[in-house]
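Single-letter residue listing:
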Amino acid sequence: MPIRDAATVILVRDAATWPSVLMGQRGASAVFMPDKYVFPGGAVDAGDAEVALPAPLGAICRGRLATRSGGAAPEALAVAAIRELWEETGLRLGRAAEWTAPEGWQGFAEGGLAPDCSALRFFFRAVTPPGRPRRFDARFFLADAAALADDPDDFSRAEDELTHLHWVPLADVRALNLPFITRIVLGELQAHLPRLDPPAGVPFVTNDRIDDRVIWL
């Protein structure tokens, strides 16, 4: 079974006071992780590599994304993260810039916005274990909700892939029906907060053998 590159956004609100994360629930009939609460994210599309960014990725994050990179370029992963966040929540990480919005990005570009990766921090990486109906090589990006160009409570433009979109206090999030890997990511997040800068190292759960090795990027 092919392993697809994917990108996920861990959007954090009020990191220094009462931190919460944005999550939504996958449908009961979903092939991958039904009923689970997840961060917004999904597979990299072929067109993501063609989308221009008004500013480059940070050097630290780009270097780590390029390590054992697989198929997707660092910029394509960042674009995929921004696109999936937009599609699944209606929220935009963008800045004012002149650009020609490609197909599928017209709604994002309203108000003169272009996708902006400056708030993204490469935070975690994990490959779906063997035996699952779909497998992804997922890069998790950390981002401050303050960087959003939209009202963080307005999900009216979200597509219907995720339901029950809401900000979950970090103190309460483990009560939700979460994937195992999400629990690991949340543990790393709790140890990192209130900082939202790039971590000292990015854990990479390879899941390429039974003992589930962790490599630090």
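Refer to the structure above for everything that follows.
Residues numbered from 1 in each chain as written. Predicted model: local features only at pLDDT ≥ 70, side-chain atom pairs only at ≥ 80, totals over all residues. Heavy atoms only, no water.

1. Side note on the overall build of the chain
Okay, so step 1: In terms of helices and strands, the chain carries three helices and 11 strands.
Okay, so step 2: Seen in sequence order, the chain has helices and strands lined up from the N terminus as β-β-β-β-α-α-β-β-β-β-β-α-β-β.
Okay, so step 3: In terms of C-alpha radius of gyration, the chain reaches 16 Å, essentially the compact-globule figure of 17 Å for 217 residues.
Okay, so step 4: Buried positions account for 51% of the 217 residues belonging to the chain.
Okay, so step 5: Considering only contacts within the chain whose residues lie at least 6 apart along the sequence, 67% involve residues at least 24 apart.
Okay, so step 6: As displayed, the chain offers around 10000 Å² of accessible surface, 52% of which is attributable to carbon and sulfur atoms.
Okay, so step 7: Here the chain holds 22 positive side-chain charges and 29 negative ones, and the gap between their average locations is 8 Å. (Helix = DSSP H or I, 4+ residues; strand = E, 2+ residues; numbered from the N terminus. Rg over C-alpha atoms; globule rule 2.2 N^0.38 Å. Buried < 20%, exposed > 50% of the residue type's maximum accessible area, 1.4 Å probe, protein only. Contact = heavy atoms within 4.5 Å. Areas by Shrake-Rupley, 256 points an atom, 1.4 Å probe, with all protein chains shown as cover. Lys, Arg positive; Asp, Glu negative; His and termini not counted. Charge placed at Lys NZ, Arg CZ, Asp CG, Glu CD.)

2. Considerations on the pattern of salt bridges
Okay, so step 1: In total, this model carries 14 salt bridges according to the counting rule given.
Okay, so step 2: Measuring nitrogen to oxygen at the nearest pair gives 2.8 Å for the salt bridge that ties aspartate 48 to arginine 83. With aspartate 48 in the loop between β4 (41-43) and α1 (59-66) and arginine 83 in helix α2 (residues 74-89), this residue pair connects regions lying 35 residues apart in the sequence.
Okay, so step 3: A single network of salt bridges, built from pairs that share partners, joins Asp45, Asp48, Arg83, Glu84 and Glu87. (Salt bridge = Lys/Arg side-chain N within 4 Å of Asp/Glu carboxyl O.)

3. Thoughts on the pairing of strand β7 (residues 121-127)
Okay, so step 1: Burial of β7 is extensive: six of the seven residues sit out of reach of the surface.
Okay, so step 2: Relative to strand β8 (residues 135-144), β7 runs antiparallel, the two being bridged by six bridges. Opposite arginine 125, over in β8, you have arginine 139 as the bridge partner.
Okay, so step 3: Pairing of β7 with strand β10 (residues 203-205), which is carried by two bridges, proceeds in the parallel orientation. Following the sheet pairing, alanine 126 is matched in β10 by valine 205. (Pairing = 2+ DSSP bridges.)

4. Structural notes on the nonpolar core
Okay, so step 1: Leu11, Ile82, Leu93, Cys117, Leu120, Phe141 and Leu148 are the most contacted members of the largest nonpolar core, which has 39 residues in total.
Okay, so step 2: Here this core gets nine residues from one element, more than from any other, and that element is α2.
Okay, so step 3: Setting aside its immediate chain neighbours within four residues, leucine 11 contacts Ser20, Val21, Leu22, Leu85, Leu91, Ala143, Asp144, Ala145, Leu148 and Trp167.
Okay, so step 4: Grouped together as the second largest cluster of nonpolar side chains are 28 residues, Leu142, Leu176, Leu178 and Val185 included. (Core = buried A, V, L, I, M, F, W, Y, C linked by side-chain atoms within 4.5 Å.)

5. A word on the state of the cysteines
Should the sulfur atoms of two cysteines be covalently bonded, the bond is a disulfide.
Okay, so step 1: Throughout the structure, instances matching the rule amount to zero disulfides.
Okay, so step 2: Free cysteine cysteine 61: the closest other cysteine sulfur is in cysteine 117, separated by 9.0 Å.
Okay, so step 3: Given a relative accessible area of 4%, cysteine 61 falls into the buried group. (Disulfide = S-S within 2.5 Å.)

6. Digging into α2
Residue pairs three or four apart in sequence face the same way in an α-helix, which turns once every 3.6 residues.
Okay, so step 1: Relative to the 22 Å expected for 16 residues at 1.5 Å per residue, α2 spans 23 Å between its end C-alpha atoms, a close match to the ideal helical length.
Okay, so step 2: Of all the 16 residues making up α2, 14 are buried; the element is thus mostly covered by neighbouring parts of the structure.
Okay, so step 3: Of the residues one or two after α2, glycine 90 is the one with positive phi, at around 80°. (Expected span 1.5 Å × (residues − 1).)

7. Description of unusual backbone geometry
Okay, so step 1: Of note, the bond from leucine 193 into proline 194 is cis; its omega dihedral lies within 30 degrees of zero at 10°.
Okay, so step 2: One non-glycine residue with positive phi stands out, namely aspartate 14, at about 55°.
Okay, so step 3: Structurally, the position occupied by aspartate 14 is in the loop between β1 (3-13) and β2 (20-26).
Okay, so step 4: With a relative accessible area of 44%, aspartate 14 lands in the partly exposed category.

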